[in-house]
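# Descriptive structure summary
In case you want the letters, here they are:
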Amino acid sequence: MTPLMVVLSITAVKDAIDDLKRHQSDDRVNNLPVLLLVNGKMKEDKWMNVQVGDIIKLENNQPVVADILLLSSSEPYSLTYIETADLDGETNLKVKQAISVTSDMEDRLELLSAFNGEVRCEAPNNKLDRFSGILTYKGKNYFLDHDKLLLRGCIIRNTDWCYGLVIYTGPDTKLMQNSGKSTVKRTQIDHLMNVLVLWIFLGLGIICFVLAVGHGIWQNKKGYHFQIFLPWEKYVSSSAVSAILIFWSYFIILNTMVPISLYVSVEIIRLGNSLYINWDRKMFYAPRNTPAQARTTTLNEELGQVKYVFSDKTGTLTQNIMIFNKCSINGKLYGDTYDKDGQRVTVSEKEKVDFSYNKLADPKFSFYDKTLVEAVKKGDHWVHLFFRSLSLCHTVMSEEKVEGMLVYQAQSPDEGALVTAARNFGFVFRSRTSETVIVVEMGKTRVYQLLTILDFNNVRKRMSVIVRTPEDRIMLFCKGADTIICELLHPSCSSLCDVTMEHLDDCASEGLRTLMVAYRELDEAFFQDWSKRHTEACLSLENRESRLSSVYEEVEKDLMLLGVTAIEDKLQDGVPETIIILKKAKIRLWVLTGDKQETAVNIAYSCNLFEDEMDEVFVVEGRDDETIRKELRTARNKMKPESLLDSDPINIYLTTKPELPFEIPEEVANGNYGLIIDGYSLAYALEGNLELELLRTACMCKGVICCRMTPLQKAQVVELMKRYKKVVTLAVGDGANDVSMIKAAHIGVGISGQEGLQAMLNSDFTFSQFQYLQRLLLVHGRWSYNRMCKFLSYFFYKNFTFTLVHFWYAFFNGFSAQTVYETWFITCYNLVYTSLPVLGMSLFDQDVNETWSLLFPELYEPGQHNLYFNKKEFVKCLMHGIYSSFVLFFVPMGTLYNAERNDGKDISDYQSFSLVVQTSLIWVVTIQIALKTTYWTMISHVVIWGSLGFYFCMSFLLYSDGLCLAFPDVFQFLAPEKKE
Amino acid sequence: MEERPQHRPSRLPDNSALKQQELPAHRLYFTARRVLFVFFTTGIFSLCMGIILILSARSTQEIEINYTRICANCAKLRENASNFDKECTCSIPFNLSGKMMGNIYMYYKLYGFYQNLYRYVRSRSNRQLMGKDIKAVDDCAPFKMSDNKTPIVPCGAIANSMFNDTIILLHNINSSVQIKVPMLKSGLTWWTDKYVKFQNPSSKNLADEFRGTTKPPNWPKPIYDLDKKDPRNNGFLNDDFIVWMRAAAFPTFKKLYGRLNRTHHFIEGLPAGNYSLNITYNFPVTRFHGEKSVVLSTLTWCGGNSLFLGLAYTVTGAITWLASFAMMAIHIMLKNKKMSFFHQ
């Protein structure tokens, strides 16, 4: 009973604290202030009172309360800048623009109050980049898309104020729709434990039934006649009644078989093993002063069983810091430094280039090749043009709070790196309006008129700007993927193109992200003509996208090649090594990223997820069910042709249409393959009936990359894996966009990095470097799993051994529910005599030390297949327990049966028998744990031998005559001998 | 490495052996040599112990005379509870072919008597038996009070069912002369039983002390009248009583009844010859299909003639040796395999 109470109270307190914390944080969020427009006046109210249809005012740096339709803002054209880090993990600013009818209202409250437009929009959904609705205002319909919508979770930046109409609130917001379900995570061992406890209960029932039947028969044959010495109780009318009573008596006696204290012990062990993670100096990241942290203390042993790791890319594998590393301008490669002998210089020996000639340079920027600076200073025409194009062709925002201190807000870190590079070399992008770009070129301020931005998208893979220079020339600058730009080049630069492509391949093979830069000078007439067509295309309502892109193509041709930029997305320290080790441990890594495909693939190669020796990397990028199915099947045909045949066991199994949940066994491919799939095709694959195809194909590959993923898709992939494979999944990420996946996976790991705290707060374990994952899994996880398994098998064993002795004794005491041991021993056995040694083992044991577990990652595999504790192991424990209890009962019985001491006094009495059995039992279980313990620390010695010694001390105390004299009814046993 | 802001204390975890899981420790390496050594020594030890124990046990002598059936008329008489006051004696002659040397112990042995039933074992009052409060009968159900509501002393099922046959051993020197073999009725109990657990109430006159109580229903005489010859062997301190009160663990058990007083004729033990047992047959066993017998036994350093422990040791030793030979064979086989593997 005591253990049960302890278990319940511990669990209750823990849950209560958790609930209280959650309640407090909910309260805090609900009571945040917001400005609501009520009766023509702004009124402060609480977040929780915001309703659909309200008009609210948001100010700079405020978070957006709900999904709102932008009406107007302080900026020209009602632009509003927002940061979406919490939604998609991207740290750059994005621009939203209100439609013109509403932007005219500006901040005139009387107009806003009178605003009576009607919005019809789609039902709440989780698609972050899609929204369609129609605003009916003053009898006219206006089309609304996601560019007009400010989503909850964004933060207003660089905008003094804006007004918006609330469209979705609370759980309907896209943020909440994406957040995934928050469920209590339980480990497989937990489930197994519950099942086993149920089994034990059933077993207990059966044993008690057998004994009760035995009692009935005995009462009939013997007990009835023995009534001269022991009459039956008055309420026992027949042996059947007696048997029913005995059933319950045995239920009470044998209840020690159901290990109630198991749950407490398991909690303690997990807590201890979590603390080790918090305490590990080797998982402490000094630059950020952050130790690793186990936020959940109930998942430890699963760390030793992980089979699939789902990783975010940006900020997890990489540092999310882009560095301008190399460039090739007009056929000359800059960036590598050579010493006098023509040898490449390593980073540590390199000298940074001095940018002191440029007052606006970013001090953090470093570059090592002096020849480029010299070229800039010399005034090389091509180099100047190259950097000019970098400083003009982008969508970066600049902020200059202090004179000369420029801060760039870039759509993508790549762009930021390029503009920063241009800035340092003397082409400083200073500010922009919607019509002009101001650049300080080598100290001189020049104002460019921004004529058109031909924006970037996935298909075009390039962006261009058309500007009018101060010299009144019209220039088009373009940057984009090499494959695309090469096609658009003017034939005259084909030889330059060949040289540049060589450089580009060099850079790409080093894992650098490359972009090609080109320009074109347009004549006035052509531009005017094109501009007209462009405006038409912009205003068209049907096929706007395709018409625009065809217009773009008209001008983006006959480009003159300038050069190539190469940007390094620096991997975190030790990432490739970690991935190699994880691969050796047969852990499959899937990279789920919101990034574009090229970047993701580059990183995959540089961090060893994909190897050059791979047999093939499949790319799935279909746009409909059939294509995707075909692509997946082609891939599988290469990897394991027989898996497509009807005779394949899995196919046969699937044709039987098994009910969920069913499990797909592991399939082995005939080589080393990789798979790349993008979010768009994944949407089909996940939502259609292709998920099994996808899963089977992907699971055969050694490495998988999913790019362009929405947060929810990340979670869906994890869920898919959990649904059909009985494996432990781990998700690791750093941004708010990883939260749903972190929540969905069995284990969520948050990297505390650049992108805020969301991921960390929702994770089970956090640390600051991806490389610590190997320590978390291979060292801590492995130990935790081994310890937990050893603990469970020993714990069940010791309880069976202890309890089943009563069962054997029943056959010799008329099934009368007589116990073998004395009451005090029964009370102390689980709580005192045997609890510490097993806890000690499960907190300190190490089967191999950390060096070996990292050196031989193969040691991790047994955990993935759950070999150390499963139903089979449990049955072994049970058998072992039955055998031990058998020996523990029958050997003392044989020895004491009708035995006497050498002075003639008989010792076949109940007390002697009890003492012999219980002392043997203590010895046996202690020796068992001593044999199981492989790592003998001082503590192990103290707890193991101490417990044994303590048993003997307790025995001397409990069986002393002082206690017996004082409480004759409580302490009935008495040491037999005393010196006379 | 970036410079850390000075005002923030470092959160670097302590570098203690416990927290870094680097406690000094030694590992158990079960090499084949060590394991085989342990197995062989354990085997030798067990075999030796087994052989010694078996030889010792075989050096003892024991005879057992089952008198359930032999005294059939008495058994029949006792079947009917109403005949409790009718005395029945029975004499059983037996022949001792060889002499029994050394200390001889006489036991009575009961078969099928369940002293270990849950309710039976608990049905006693330790407070009463200690002489502290002779009216404490709470734990004694179903023998707490007599019909006229006076407490039973000694109360409880154990006391009530006390073995009450009298056994007298006679040596027939020839057909007419019989000598009573002298038996000691003291030193039969555990020391702590006699001096701690069982105490008479302090008064000198036991009969006074036990006034206001009733004898157990099965008893012919009250507790203070058990031994008429030796007044000190009366009340709760009666050796037979104490021996009986120590409940046996199994339904077949024997309890010490007397020790041979080695004087005169019996100074070396029991000489060979004809003997007879004179039994006053009071204890009813046939009613619950039990049996009873008298056991005469000599002892050695390790107790009586039970071979079990010796056999258990021998078997264990033998199995350990078998196992160690098997392991050695496997070890050598694998070693050769490994060697040949390396030679290739």
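The model shown is predicted, which means the values in this text are computed figures rather than measured ones. (Residues numbered from 1 in each chain as written. Chains lettered and ligands numbered in written order. Predicted model: local features only at pLDDT ≥ 70, side-chain atom pairs only at ≥ 80, totals over all residues. Heavy atoms only, no water.)

### Details of the interface of chain B and chain A
Contact residues are listed per partner, giving 79 residues for chain B and 85 residues for chain A. Of the roughly 7,400 Å² buried between chain B and chain A on both sides combined, carbon and sulfur atoms contribute 58%. By the criterion of area lost to chain A, the three top residues of chain B are Gln21(B), Trp190(B) and Phe250(B), representing 11% of everything that side buries. Viewed at the interface, chain A and chain B are joined by 4 salt bridges. Glu233(A) is the salt-bridge partner of Arg119(B), the closest N and O atoms lying 3.3 Å from each other. Taken together, the connections running from chain B to chain A amount to 26 residue pairs in polar contact (both at pLDDT 80 or more). Counting residues per element, the ones that place at least two in the side of chain B that touches chain A are β1 (25–27), β5 (104–111), α3 (118–122), α4 (126–129), α5 (157–160), α6 (191–197), β9 (253–260) and α9 (308–343) of chain B. If one sorts the elements of the side of chain B that touches chain A by residue count, α3(B) sits on top with 5 residues. Classifying every residue of the side of chain B that touches chain A by side-chain character gives 41 nonpolar, 20 polar and 18 charged. (Contact = heavy atoms within 4.5 Å. Buried area = accessible area lost by both parts, 1.4 Å probe. Salt bridge = Lys/Arg side-chain N within 4 Å of Asp/Glu carboxyl O. Polar contact = N/O pair within 3.5 Å; in protein donor to acceptor, adjacent residues only side chain to side chain. Helix = DSSP H or I, 4+ residues; strand = E, 2+ residues; numbered from the N terminus. Nonpolar A, V, L, I, M, F, W, Y, C, P; charged D, E, K, R; others polar.)

### Section: the pairing of strand β23 (residues 474–480) of chain A
As a general feature of sheets, a regular strand has side chains that alternate between the two faces. Residue and element names in this part refer to chain A. Counting buried positions along β23 yields 7 of 7 residues, so the element is predominantly enclosed. Relative to β23, strand β22 (residues 462–468) is paired through 7 bridges, and the arrangement is antiparallel. Bridge assignment links methionine 463 to a residue of β23, and that residue is lysine 479. Taken together, β22 and the strand that follows it, β23, pair antiparallel across an intervening segment of 5 residues, in which aspartate 472 is found at a positive phi of about 70 degrees. As defined by bridge partners, β23 adjoins strand β24 (residues 513–522) across 7 bridges and the pair is classed as antiparallel. Counted as the bridge partner of lysine 479 is valine 517 from β24. (Buried < 20%, exposed > 50% of the residue type's maximum accessible area, 1.4 Å probe, protein only. Pairing = 2+ DSSP bridges.)

### Describing the packing of helix α26 (residues 823–833) of chain A against helix α32 (residues 938–958) of chain A
Relative placement of two packed helices is described by the angle separating their axes and the distance separating the axes. Residues and elements named next belong to chain A. Where α26 meets α32, the closest approach of the two axes is 12 Å, and the angle between their N-to-C directions is 155 degrees. Overall, the two elements α26 and α32 adopt an arrangement that is roughly antiparallel. With respect to the hand of their crossing, α26 and α32 are arranged in right-handed fashion. For the pair α26 and α32, contact is made by Trp824, Phe825, Cys828, Val832 and Tyr833 and by Ser947, Phe950, Tyr951, Met954 and Leu958, respectively. (Axes fitted to C-alpha atoms, helices over the stretch in contact; angles between N-to-C directions. Parallel < 35°, antiparallel > 145°, perpendicular 65-115°, else oblique. Left-handed = near helix turned anticlockwise from the far one by under 90°.)

### Considering the packing of aromatic side chains
According to the stated counting rule, one finds 92 aromatic pairs over all chains in the structure shown. When the ring of Phe807(A) is compared with that of Phe811(A), the centres are 5.4 Å apart and the planes differ by 85 degrees; the resulting orientation is edge-to-face. By relative accessible area, which is 16% here, Phe807(A) ends up buried. Take Phe811(A): its relative accessible area is 42%, and that puts it in the partly exposed class. Where Phe113(B) meets Tyr120(B), the ring centres are 6.1 Å apart and the plane angle is 80 degrees; that geometry is what we call edge-to-face. Residue Phe113(B) is classed as buried on the basis of its relative accessible area, which comes to 0%. An aromatic cluster of three or more residues is present, and its members are Phe807(A), Trp808(A), Tyr809(A), Phe811(A), Phe812(A), Phe815(A), Phe886(A), Phe889(A), Phe890(A), Tyr897(A), Phe913(A) and Phe250(B). Sitting above the plane of the Tyr408(A) ring, Arg423(A) keeps its charged end 5.3 Å from the centroid. Residue placement shows Arg901(A) over the ring face of Trp190(B); its charged tip is 5.7 Å from the ring centre. (Phe/Tyr/Trp six-rings, centres within 6.5 Å; stacked < 30°, edge-to-face > 60°. Lys NZ or Arg CZ within 6 Å of the ring centre and 35° of its normal.)

### Thoughts on the pattern of salt bridges
On inspection of all chains with the given rule, the structure shows 50 salt bridges over all chains. Close ionic contact of Lys57(A) with Glu59(A) constitutes a salt bridge, the shortest N to O distance being 3.8 Å. For Glu59(A), a relative accessible area of 30% puts it in the partly exposed group. The salt bridge partner of Asp193(B) is Arg246(B), with a shortest N-O separation of 2.8 Å. One end of the pair, Asp193(B), is in helix α6; the other, Arg246(B), is in the loop between α8 (239–245) and β9, with 53 residues separating them in the sequence. A single burial state applies to Asp193(B) and to Arg246(B), both of which are buried. Among the charged side chains, a salt-bridge network with shared partners connects Asp280(A), Lys282(A), Arg775(A), Glu850(A) and Glu22(B).

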